[in-house]
Each structure stands twice: as C-alpha cells, then as structure tokens.
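# Fold and geometry: a report
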Amino acid sequence: MSASSELRFPENFVWGAATAAYQIEGAARDDGRGPSIWDTFSRTPGRVFAGHTGDVACDHYHRYADDVALMAELGLKAYRFSVAWPRVQPDGAGPVEPRGLDFYDRLTDALLDRGVDPIVTLYHWDLPQALEDRGGWTSRETAERFAAYAEAVHGRLGDRVRTWTTLNEPWCSAYLGYANGVHAPGVRDAGAAFAAVHHLLLGHGLAARALRAAGAEVVGITLNPADVQPADPSSAADAAAVRLVDGLQNRIFLDPLTGEGYPADVLEHLSRLVDPAFIRDDDEKLIAAPIDLLGVNYYSPTYVAGRPDGAGGDAFPGTEGAVEFLPPAGPLTEMGWAVEPAGLGRLLDRLAADYPGLPLMITENGGAFPDRATEAGPDGAERIADADRIAYLDGHLRAAHEAIGRGVDLRGYLVWSLLDNFEWAEGYRKRFGIVHVDYLTQRRTPKSSARWYQEVISRNGL
C-alpha cells in the first residue's frame, strides 16, 4: 500500500486496549477483598458455563507488571481497566481496604512508567455482595455508596489518573442482571430492572459530581448504545419497534445523561410495568452532571420488526407482543453476533447528530473467534493465527475513520480485549483477546491480531 492510500487517524488519536477487574484479576480472596455478586453468581449451579469462576482468571493481580510490559511492547498509548469495588470496600461501604488500593496504585505507576495512560472505570459489574443483600441497584443506598467509593478511589489515584469513567454498560447491569437474570445477580423482575436503571444513572451523577469536586480532569461514562435498524425501512410498524427498542437501550440512558431528562415515551412504557416512584424530584438534575467523554462499546447491530405476535426480548421488558428481534445474518462471531462494521458508522453518526458537542471514544470493540491454529513467526516464536479477528478490527476501524471524516468527534479506540479472559456467563470458552492466555500455565502469547494492532498504532492508521 502506498503512503498516499493509507488511512491516517488524527494526530492525538488514542490507541489502547480494555479489560475488566473480575474478568482478569483473579486473587478473589487476597488482601481483604470481599465477595462480589459475580463470585456468588458464578458459584450458583447452572449460571456460568461449566461452573467457571473468576477466582484465578488471568491472575493479573499477581502478573500485572508483565502484562504492562506487554502493553508497552505492543505500543499501547492507553489502558482502560476497572477497579473492583469489593477489593477497595469489601462490604461496599465503611473503611477502605488499603491493600486493595495499593494494587491499583502499583498498577497506575507501572503504566505511567511505561508511557501508557491509565483510564479508570469505577464499576464494571462486580457489585459487593453485601450491597446486593440490601437491594443492590434497586436501592437508592447503592447509588449513594457508589459516590463515596468513587471519591475514595480518586483520593488515591487522582494525582496521576486523568480520565475517569463511572459505569460500564449500565444497560447490562440493569437488564441482564435484573430483567432476564442471565448476569449477576440473576434476578428476573421488570420492575427491579427499571429501578436499577435509575439508580445506576443516579450513582453516575453523584459520582461524577464527587469526582469533579475532587479535581478530576476528564469525567465520563461508558454505554453500549445499539444501532437499532428496521427489518423493512418502509414499514411503520417496524419504525415503531425501532423507537421502542431504541428507547429502552439508548435514550433511557443518553437523554437524562445529557440533560434532556427521561424521554416521555419511555416513561410511559415503563409506567405500564412498574410504579416509577423511585424517581424523585431533582434526580434528573443530579443525573445530568456534565461529562467530558462518552465511551461507546460496539459489537453488533440490532434488527427488529414490529409484529403483534412478536416474542419480544426478555432483556427488553414490555416488548412482547410488539417486537420481533431478528436473528443475526451474515458472518457471525463465536458469540453468534453479526459482523457489520457499517453499524458502528451509523451509531457514531447518530450520537454525533443527536448529542452534539459530546466527545466520543470507542471503549470496547472486538470479537470472539476460534484461535486454534498456530504458526511460527519470522523469529521462530509461536504465533496464534486469528485472521477473522484482524478482519473484524480492520473493518470497524475503517468505519470509525470514515465517521471521523464526516465530522464525528471520535477521540480514540480501545480494543476488547487485551487478554483472553472470563467472559461472564460464557466462562472461559469464548476468547476475545488479542493476546492468548493459557489458563493452566498463565502463559501469554500475542496473537497475529496483536502484531497487526501494533503496526496500526505505530503508523497511526491503516
């Protein structure tokens, strides 16, 4: 490829990778860490594939220095990691466990020493079990406790960490955790799910204010907004289905976060399923704490049709008898998700148009693919071929580049994930990493995609 045909990204574009505490840290009982809802859920028979748990995972807690060295070798400019709330506050409240914060202190210093910018996510689904026992995210107390926890973490790391993300994918926490129960804590109750949506957003608002007051430079939140498309663009019924699903996944979060309050049609929908008395006066003002960055996690689009006999989706309360979620078509990842980079482009365009002035960062994007074949590199070292993953990442980066060309304020791209890891209810059978992990030996082997990504970073483009 000639230099003139290369696709260059903006000068200060941030290239990095992302992980989450429960998925990689292990050390589930070390240094005073308390139990989380995922410790409980993964030990409940039938909840997680083959009874897998995050007890050891990638043992990152003990191997972080080697992992940071690997990040530097790959040329990563940023690393998004999450802090485990039960490692910092074992009961979700009260005294801080200093040994827990010591770990994140060491990790932050190791990253900065290697020239990797730390991006902290305060909550990636591992709620302290003690808080769940008192209602979890269905309780206002959890939102208030979250703000105090955020302040405690910033008090230790705030002198070195510039970018703070409050929550990761609150849609998953609320709907998968409390509506269809496929994630921890495994509740199946539409009313609980909507209460969780609100208290997650409230927790974000309170934490964002606490972080800002403490001097945090960049404060944001990470969502998994959906590119929702109609089966038939000319169908009014399909358009209505799109609006309903878009309301439950996108606008119920984006509108209050950006100061517009809950959408009237969404409030009307949830009011048919639950008494919204948990929404108090001035809550929407608290939720609308100004943010500097919106993290966007994208994997696959969603296609829907409006049908009176539609099965709906158990993660979308109240869609039965109105919506049919269409099965994915075309090439699929091992998760059964459609590979459609154009969906990312449409989503970025929509966010830029509907929420102008809000800088964006792709905080997760990647795919689970089989990584069985090995090949020897020029140096004779073992390599793991994952051409499908390279094609996936290449296509989505091209879609992102095109969106930037259309004026979207996209600041960076963080691949999901740096390491193969505990994939929640799928256990260890699905691999998203650009680095292969042998879970028996904990040996790390960069895949072909890691070397490809290293070259993308070095040239700042494709």
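Here the structure is a predicted model, which means the values were calculated and not measured.

We now examine helix α13 (residues 341-354). Helix length check: α13, at 14 residues, gives a terminal C-alpha distance of 20 Å against a target of 20 Å (1.5 Å per residue), a fit within 8%. Where α13 is concerned, the buried positions are Gly343, Leu344, Gly345, Leu347, Leu348 and Leu351.

Let us now look at unusual backbone geometry. With an omega of 10°, the peptide bond running from Ala184 to Pro185 counts as cis. By the secondary structure assignment, Pro185 is in the loop between α8 (170-178) and α9 (190-213). Following Trp416, the chain continues into Ser417 via a peptide bond in cis, with omega recorded as 5°. If you trace the backbone, Ser417 turns up in the loop between β13 (410-416) and β14 (435-438). Positioned with a positive phi, Asn460 is a non-glycine residue whose angle comes to about 55°. In this fold, Asn460 is placed in the segment after α15 (448-459).

By secondary structure assignment, the location of Gly155 is in helix α7 (residues 140-157). Distance from Gly155 to Ala214, taken between C-alpha atoms, is 7.8 Å for residues 59 residues apart in sequence.

On to the sheet that holds strand β1 (residues 14-18), then. The sheet built from 8 strands closes into a barrel, its strands ordered β1-β2-β3-β4-β5-β7-β10-β13 with parallel pairing. Taken over all neighbouring pairs, the strand axes of this sheet differ in orientation by 25° on average, direction set aside. Two strands pair when backbone bridges link them, and β1 and β13 are joined in this way by 5 bridges, in the parallel orientation. From the neighbouring strand, Ala18 faces β13, where its bridge partner is Trp416. Most of the contacts of α13 go to strand β10 (residues 360-364), to which it runs at about 140°, and overall it touches β7 (293-297), β10 and β13.

Right, let's get into helix α5 (residues 98-113). For α5, which comprises 16 residues, the first-to-last C-alpha distance of 22 Å matches the rise-based estimate of 22 Å (1.5 Å per residue) to within 8%. Every buried residue belonging to α5 is among Gly100, Leu101, Phe103, Tyr104, Asp105, Leu107, Thr108, Ala110 and Leu111, and all of these are buried. Next to the buried residues of α5 lie α1 (21-24), α3 (60-74), β2 (78-82), α4 (85-88), β3 (117-123) and α7. A positive backbone phi angle near 80° is found at Gly115, which sits one or two residues after α5.

Backbone-to-backbone hydrogen bonds join strands into a sheet, with any given pair of strands oriented parallel or antiparallel. Pairing is mixed across the open sheet formed by 3 strands, whose spatial order is β6-β8-β9. Only two strands of the sheet have a single neighbouring strand rather than two, namely β6 (228-230) and β9 (323-325). Across the sheet, the mean angle from the axis of one strand to that of its neighbour is 40°, orientation sign disregarded. Two strands pair when backbone bridges link them, and β6 and strand β8 (residues 302-306) are joined in this way by 3 bridges, in the parallel orientation. Considered in β8, the bridge of Pro230 is made with Val304. Across the sheet, helix α10 (residues 236-257) is in contact with β6, β8 and β9; its angle to β8 comes to roughly 130°.

Thresholds applied
Residues numbered from 1 in each chain as written. Predicted model: local features only at pLDDT ≥ 70, side-chain atom pairs only at ≥ 80, totals over all residues. Heavy atoms only, no water. Helix = DSSP H or I, 4+ residues; strand = E, 2+ residues; numbered from the N terminus. Expected span 1.5 Å × (residues − 1). Buried < 20%, exposed > 50% of the residue type's maximum accessible area, 1.4 Å probe, protein only. Pairing = 2+ DSSP bridges. Axes fitted to C-alpha atoms, helices over the stretch in contact; angles between N-to-C directions. Contact = heavy atoms within 4.5 Å.

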